[in-house]
Amino acid sequence: TKIYQGSITRANVDAIVNAANEKLENCGGVAEVISKAAGKEMENECKGEIRRRSKIKVSENVLTKAGNLPCRWIIHAVGPRWSDYMDKEKALESLYQTVINILKTARDHTMKSVVMPPISSGQYLIETYEYLSVILIHHDTKILDISSF
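This is a predicted model, so every value here is computed, not measured.

Is there a simple way to explain the overall build of the protein chain in this structure?
The helix and strand tally for the protein chain stands at four helices and four strands. Starting at the N terminus, the α and β elements of the protein chain follow one another as β-α-α-β-β-α-β-α. For the protein chain, the proportion of its 149 residues judged to be buried stands at 43%. Sequence-distant contacts, at least 24 apart, represent 61% of the contacts inside the protein chain between residues at least 6 apart. Approximately 8600 Å² of the protein chain is accessible, and the part contributed by carbon and sulfur atoms is 50%.

Honestly, the sheet that holds strand 1 (residues 15–20) in this entry has me stumped. Any pointers?
Two orientations exist for strands paired in a sheet by backbone hydrogen bonds: parallel and antiparallel. Judged by pairing direction, the sheet is mixed, and its four strands sit side by side in the order 2-3-1-4 without closing on themselves. The open sheet has two edge strands, strand 2 (61–65) and strand 4 (114–115), and neither has a second partner. Two elements, strand 1 and strand 3 (residues 73–78), share six bridges in a ladder whose sense is parallel. Across the sheet, the residue bridging to N18 is H76, located in strand 3. Sitting on the sheet, helix 2 (residues 40–53) is in contact with strand 2 and strand 3, with an inclination near 140° to strand 2. Where helix 3 (residues 88–108) meets the sheet, it contacts strand 1, strand 2, strand 3 and strand 4, and its direction lies at approximately 155° from that of strand 3.

Just checking my understanding: could you explain the nonpolar core for this structure?
I16, L24, I34, L69 and I74 are the most contacted members of the largest nonpolar core, which totals 19 residues. Every element with two or more residues in this core is listed here: strand 1, helix 1 (29–38), helix 2 and strand 3. If one sorts the elements of this core by residue count, helix 2 sits on top with three residues. With near-sequence residues (within four places) excluded, I16 lies in contact with I8, A11, I34, L69, C71, W73, I74, I75 and V115. With eleven residues, the next largest nonpolar core counts V17, L92, I102 and M111 among its residues.

Just to check I follow, could you spell out the side chain of S94 for this structure?
Along the polypeptide, S94 turns up in helix 3. A polar atom in the side chain of S94 sits 3.0 Å from the side chain of Y85. Ignoring anything within four residues of it in the chain, the contact list for S94 reads V58, S59, P80 and Y85.

What is the right way to read the environment of E60 from this model?
Note on placement: E60 falls in the loop between helix 2 and strand 2. Sequence separation between E60 and T98 is 38 residues; the distance between their C-alpha atoms is 6.4 Å. If sequence neighbours within four positions are ignored, E60 has contacts with R53, H76, A77, V78 and N101.

Got a minute to help me understand the pairing of strand 1 in this structure?
Put simply, side chains in a regular strand alternate between the two faces of the sheet. Taking burial as the measure, the six residues of strand 1 include five buried ones, the bulk of the element. Sheet analysis places strand 1 next to strand 4, joined by two bridges and oriented parallel. Paired with I16 across the bridge in strand 4 is V115.

Rules of the game
Residues numbered from 1 in each chain as written. Predicted model: local features only at pLDDT ≥ 70, side-chain atom pairs only at ≥ 80, totals over all residues. Heavy atoms only, no water. Helix = DSSP H or I, 4+ residues; strand = E, 2+ residues; numbered from the N terminus. Buried < 20%, exposed > 50% of the residue type's maximum accessible area, 1.4 Å probe, protein only. Contact = heavy atoms within 4.5 Å. Areas by Shrake-Rupley, 256 points an atom, 1.4 Å probe, with all protein chains shown as cover. Pairing = 2+ DSSP bridges. Axes fitted to C-alpha atoms, helices over the stretch in contact; angles between N-to-C directions. Core = buried A, V, L, I, M, F, W, Y, C linked by side-chain atoms within 4.5 Å. Polar contact = N/O pair within 3.5 Å; in protein donor to acceptor, adjacent residues only side chain to side chain.

Here it is as C-alpha coordinates:
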(Lines give C-alpha, C1' and ligand atoms only; values in the text may rest on other atoms or scores of the structure.)
Protein backbone atom coordinates (compact mmCIF):
# COMPACT_ATOMS: atom_id res chain seq x y z
CA THR A 1 0.00 0.00 0.00
CA LYS A 2 1.33 3.43 -0.96
CA ILE A 3 -0.05 6.91 -0.49
CA TYR A 4 -0.41 8.77 -3.80
CA GLN A 5 -0.39 12.55 -3.72
CA GLY A 6 -1.44 14.60 -6.71
CA SER A 7 -4.29 14.76 -9.16
CA ILE A 8 -5.98 11.39 -9.51
CA THR A 9 -6.48 12.20 -13.19
CA ARG A 10 -2.71 12.10 -13.77
CA ALA A 11 -2.04 8.80 -12.03
CA ASN A 12 -0.18 6.39 -14.30
CA VAL A 13 -1.75 3.20 -12.90
CA ASP A 14 -3.99 0.40 -14.15
CA ALA A 15 -7.13 2.02 -12.67
CA ILE A 16 -8.38 4.93 -10.67
CA VAL A 17 -11.44 4.82 -8.45
CA ASN A 18 -14.25 7.30 -8.92
CA ALA A 19 -16.28 8.11 -5.81
CA ALA A 20 -19.57 7.78 -7.67
CA ASN A 21 -23.21 8.26 -6.83
CA GLU A 22 -25.93 5.64 -7.46
CA LYS A 23 -26.84 7.14 -10.86
CA LEU A 24 -23.22 7.62 -12.02
CA GLU A 25 -24.02 11.28 -12.64
CA ASN A 26 -20.45 12.55 -12.08
CA CYS A 27 -21.73 15.99 -11.12
CA GLY A 28 -19.58 17.02 -8.18
CA GLY A 29 -16.37 16.45 -6.28
CA VAL A 30 -13.81 13.97 -7.54
CA ALA A 31 -16.42 12.40 -9.86
CA GLU A 32 -16.79 15.64 -11.78
CA VAL A 33 -13.02 16.14 -12.03
CA ILE A 34 -12.55 12.60 -13.35
CA SER A 35 -15.45 12.93 -15.78
CA LYS A 36 -14.16 16.17 -17.29
CA ALA A 37 -10.67 14.74 -17.72
CA ALA A 38 -11.81 11.35 -19.07
CA GLY A 39 -14.22 12.77 -21.65
CA LYS A 40 -17.36 11.61 -23.43
CA GLU A 41 -16.41 7.94 -23.88
CA MET A 42 -16.48 7.35 -20.12
CA GLU A 43 -19.66 9.40 -19.67
CA ASN A 44 -21.40 7.39 -22.39
CA GLU A 45 -20.38 4.12 -20.72
CA CYS A 46 -21.79 5.38 -17.40
CA LYS A 47 -25.09 6.36 -19.03
CA GLY A 48 -25.28 2.97 -20.75
CA GLU A 49 -24.71 1.18 -17.45
CA ILE A 50 -27.52 3.15 -15.79
CA ARG A 51 -29.86 2.37 -18.70
CA ARG A 52 -29.16 -1.34 -18.10
CA ARG A 53 -29.25 -1.34 -14.28
CA SER A 54 -31.23 1.76 -13.23
CA LYS A 55 -28.86 2.45 -10.31
CA ILE A 56 -25.75 1.16 -8.59
CA LYS A 57 -26.23 0.06 -4.98
CA VAL A 58 -24.03 1.14 -2.08
CA SER A 59 -20.82 -0.94 -1.99
CA GLU A 60 -21.16 -1.97 -5.65
CA ASN A 61 -18.99 -0.70 -8.47
CA VAL A 62 -18.91 -0.44 -12.25
CA LEU A 63 -15.88 -0.64 -14.50
CA THR A 64 -15.48 1.65 -17.53
CA LYS A 65 -12.66 2.55 -19.88
CA ALA A 66 -10.66 5.60 -18.85
CA GLY A 67 -11.10 7.68 -21.98
CA ASN A 68 -8.50 10.47 -22.12
CA LEU A 69 -6.81 9.52 -18.83
CA PRO A 70 -3.38 7.82 -18.63
CA CYS A 71 -4.85 4.84 -16.74
CA ARG A 72 -6.70 2.05 -18.52
CA TRP A 73 -9.80 1.72 -16.32
CA ILE A 74 -12.06 3.64 -13.96
CA ILE A 75 -13.77 1.76 -11.14
CA HIS A 76 -16.90 3.76 -10.24
CA ALA A 77 -17.68 2.86 -6.62
CA VAL A 78 -20.73 3.90 -4.62
CA GLY A 79 -19.94 4.35 -0.96
CA PRO A 80 -22.32 4.96 1.91
CA ARG A 81 -23.82 8.37 2.65
CA TRP A 82 -23.21 9.04 6.37
CA SER A 83 -26.59 10.75 6.84
CA ASP A 84 -28.49 7.68 5.57
CA TYR A 85 -27.37 5.61 8.59
CA MET A 86 -28.70 5.94 12.12
CA ASP A 87 -26.19 3.25 13.12
CA LYS A 88 -22.83 4.75 12.11
CA GLU A 89 -21.13 1.38 12.59
CA LYS A 90 -23.26 0.08 9.69
CA ALA A 91 -22.08 3.01 7.56
CA LEU A 92 -18.47 2.01 8.26
CA GLU A 93 -19.28 -1.63 7.46
CA SER A 94 -20.74 -0.49 4.12
CA LEU A 95 -17.62 1.58 3.50
CA TYR A 96 -15.43 -1.43 4.26
CA GLN A 97 -17.47 -3.57 1.83
CA THR A 98 -17.14 -0.86 -0.81
CA VAL A 99 -13.35 -0.96 -0.51
CA ILE A 100 -13.27 -4.77 -0.57
CA ASN A 101 -15.44 -4.82 -3.70
CA ILE A 102 -13.10 -2.32 -5.38
CA LEU A 103 -10.16 -4.61 -4.64
CA LYS A 104 -12.07 -7.64 -5.90
CA THR A 105 -12.82 -5.83 -9.17
CA ALA A 106 -9.13 -4.96 -9.47
CA ARG A 107 -8.13 -8.56 -8.83
CA ASP A 108 -10.72 -9.98 -11.23
CA HIS A 109 -9.34 -7.78 -14.02
CA THR A 110 -5.69 -8.49 -13.13
CA MET A 111 -4.95 -4.91 -12.17
CA LYS A 112 -1.70 -4.38 -10.32
CA SER A 113 -2.07 -0.72 -9.37
CA VAL A 114 -5.15 1.25 -8.33
CA VAL A 115 -5.46 4.78 -6.94
CA MET A 116 -8.43 5.21 -4.63
CA PRO A 117 -9.63 8.50 -3.13
CA PRO A 118 -11.25 8.43 0.31
CA ILE A 119 -14.65 7.08 -0.74
CA SER A 120 -17.66 8.81 0.88
CA SER A 121 -15.51 11.52 2.47
CA GLY A 122 -16.65 14.46 0.36
CA GLN A 123 -20.34 15.08 -0.23
CA TYR A 124 -21.21 11.87 1.63
CA LEU A 125 -19.62 13.24 4.83
CA ILE A 126 -17.67 10.29 6.20
CA GLU A 127 -14.66 11.89 7.83
CA THR A 128 -11.31 11.07 6.25
CA TYR A 129 -10.20 9.89 9.70
CA GLU A 130 -13.01 7.31 9.78
CA TYR A 131 -12.14 6.21 6.24
CA LEU A 132 -8.47 5.76 7.08
CA SER A 133 -9.39 3.87 10.24
CA VAL A 134 -11.35 1.35 8.18
CA ILE A 135 -8.45 0.93 5.74
CA LEU A 136 -5.69 0.73 8.35
CA ILE A 137 -7.53 -1.67 10.65
CA HIS A 138 -8.12 -4.08 7.81
CA HIS A 139 -4.69 -3.55 6.28
CA ASP A 140 -3.21 -4.68 9.57
CA THR A 141 -5.01 -8.02 9.14
CA LYS A 142 -3.69 -8.36 5.57
CA ILE A 143 -7.19 -8.04 4.09
CA LEU A 144 -5.91 -5.54 1.52
CA ASP A 145 -3.70 -8.15 -0.12
CA ILE A 146 -5.61 -8.52 -3.39
CA SER A 147 -4.46 -12.10 -3.84
CA SER A 148 -6.24 -13.10 -0.61
CA PHE A 149 -9.75 -12.62 -2.04
